[in-house]
Amino acid sequence: MGASLIAAPALAQEGEPIKVGILHSLSGTMAISETTLKDAMLMLIEQQNEAGGVLGRPLEPVVVDIASDWPLAAELARRLVEVDDVDVVFGCWTSVCRKSVLPVFEELNSLLFYPVQYEGEESQRNVFYTGAAPNQQAIPAVDYLMNEEGVERWVLAGTDYVYPQTTNKILEQYLKDSGVAEEDIMINYTPFGHSDWQTIVSDIVAFGSEGKKTAVVSTINGDANVPFYRELANQGVDAADIPVVAFSVGEEELSGFDTTPLVGHLAAWNYFMSVETPENEEFIAAWHDFIGNEDRVTNDPMEAHYIGFNMWVEAVEAAGTTDADAVIDSIVGIEVPNLTGGVAEMLPNHHITKPVLIGEIQDDGQFFVVWETEDLVPGDAWSDYLPESAPLTADWTDPINCGNYNTETETCGGSAE
């Protein structure tokens, strides 16, 4: 396609709104986490319009409620692209949501910006992963516990679905590669909404009572965290004795908790509201002004939407069009500020560079940063610690143009996985 043809749609629609799809759960079990992301997107769109829009055209949000229903998410993604004629979509939280909508974006050649940490093992041409891959959250968290806290025994506790399962598969292999014996690793899965933690916490206490420093690496998601931490406190588990590092507990989740049982435990993210930078201060002030409530918190997936949205705006401006192929070509290498004082870069594998922060939970529901990486960490689509993934790389630029390129056989295994 020639440059003049690529630019034609934008020129033909001068002044017409550019439609931006927002695909989040505003009801159901995930609404507590995702409603805030919808609000954050509305704020970013409003700010961009006040700054003159994109390509001189206003942005128009098109909001749908996927209602924590994954087949519905795919249906509404299709409607956003085919009926509402959006040029880009920002959305999903869970991996099962992302997996369900992937074929739609691939088939219709539209763009999805996905803002939540996930299990990796994926790179799709039409998706931009602005949350953390395992090497930007899980692996550094384990390194911190091992090197700074002297942890020798490991409880990998997760909710029973794809993100915890795959993340723990990677972590189990990483721990074994680091010399941890199999008997020093305990793995446990519970269903969404699990409430009776007495036996499991008793098992954790027993596991941690054998003279070796023990920690819990938690991929427990959603409401189940409340009774989990409460039961830890009930059984006298102190963060100093058996620390829990969580990958899915952030400011938004803590705002609904009694944080007393959580104080001193840890979380690993790429952003905390408590980070003191001019960029973050400005973002928080804008958020409070937009939402009209100074008690509302910011969190990591909001920052991921902030980064992804600004990258999309720059890529569209650079391409001179909202055309998906042109944006995909122009976005790799684009750099935008993050909120922690660094720069996020879109990599050829459609992941971004991020700092990694370990925060200790405070009694006000905020995090005190106890550790951070010296440098930005580039997101790795395929884990180096799984034998089947180690030879794979993703690169959506010429000449490779592949999401799972095998560096040993020099062949592409397919467009998605």
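Scroll up to find the structure this text is about.
Residues numbered from 1 in each chain as written. Predicted model: local features only at pLDDT ≥ 70, side-chain atom pairs only at ≥ 80, totals over all residues. Heavy atoms only, no water.

Caption draft 1: Layout of the nonpolar core. With 69 residues, the main nonpolar core has Leu23, Phe309, Met311 and Trp312 as its most contacted residues. With nine residues, helix 11 (residues 300-319) is the single largest residue contributor to this core. Setting aside residues up to four positions removed in sequence, Leu23 forms contacts with Glu34, Val64, Ile66, Ala73, Leu76, Ala77, Leu80, Val89, Phe90, Gly91, Cys92 and Val101. Ranked by size, the runner-up nonpolar core spans 29 residues in total, among them Ile200, Ala267, Trp269 and Phe272. (Core = buried A, V, L, I, M, F, W, Y, C linked by side-chain atoms within 4.5 Å. Buried < 20%, exposed > 50% of the residue type's maximum accessible area, 1.4 Å probe, protein only. Helix = DSSP H or I, 4+ residues; strand = E, 2+ residues; numbered from the N terminus. Contact = heavy atoms within 4.5 Å.)

Caption draft 2: Quick peek at the pairing of strand 14 (residues 357-361). In terms of burial, strand 14 is a largely internal element, four of the five residues being buried. Two strands pair when backbone bridges link them, and strand 10 (residues 266-269) and strand 14 are joined in this way by four bridges, in the antiparallel orientation. Across the sheet, the residue bridging to Ala268 is Ile358, located in strand 14. Relative to strand 15 (residues 367-372), strand 14 runs antiparallel, the two sharing five bridges. Across the sheet, residue Ile358 finds its bridge partner in strand 15, namely Trp371. Counting the residues in the hairpin turn of strand 14 and strand 15 gives five residues, including Gly365, whose phi is positive at 85°. (Pairing = 2+ DSSP bridges.)

Caption draft 3: Highlighting unusual backbone geometry. The linkage connecting Asp398 with the following residue, Pro399, adopts the cis geometry, with an omega of 5°. With respect to the element layout, Pro399 can be found in the loop between strand 17 (392-395) and strand 18 (402-406). A positive phi is found at Leu55, a non-glycine position, where the angle reads about 55°. Mapped onto the fold, Leu55 is located in the loop between helix 2 (31-50) and strand 2 (59-65). Note on Leu55: relative accessible area 18%, which makes it buried. A positive phi angle, near 45°, is found at Asn401, a position not held by glycine. Summarising the element assignment, Asn401 is placed in the loop between strand 17 and strand 18. For Asn401, a relative accessible area of 35% puts it in the partly exposed group.

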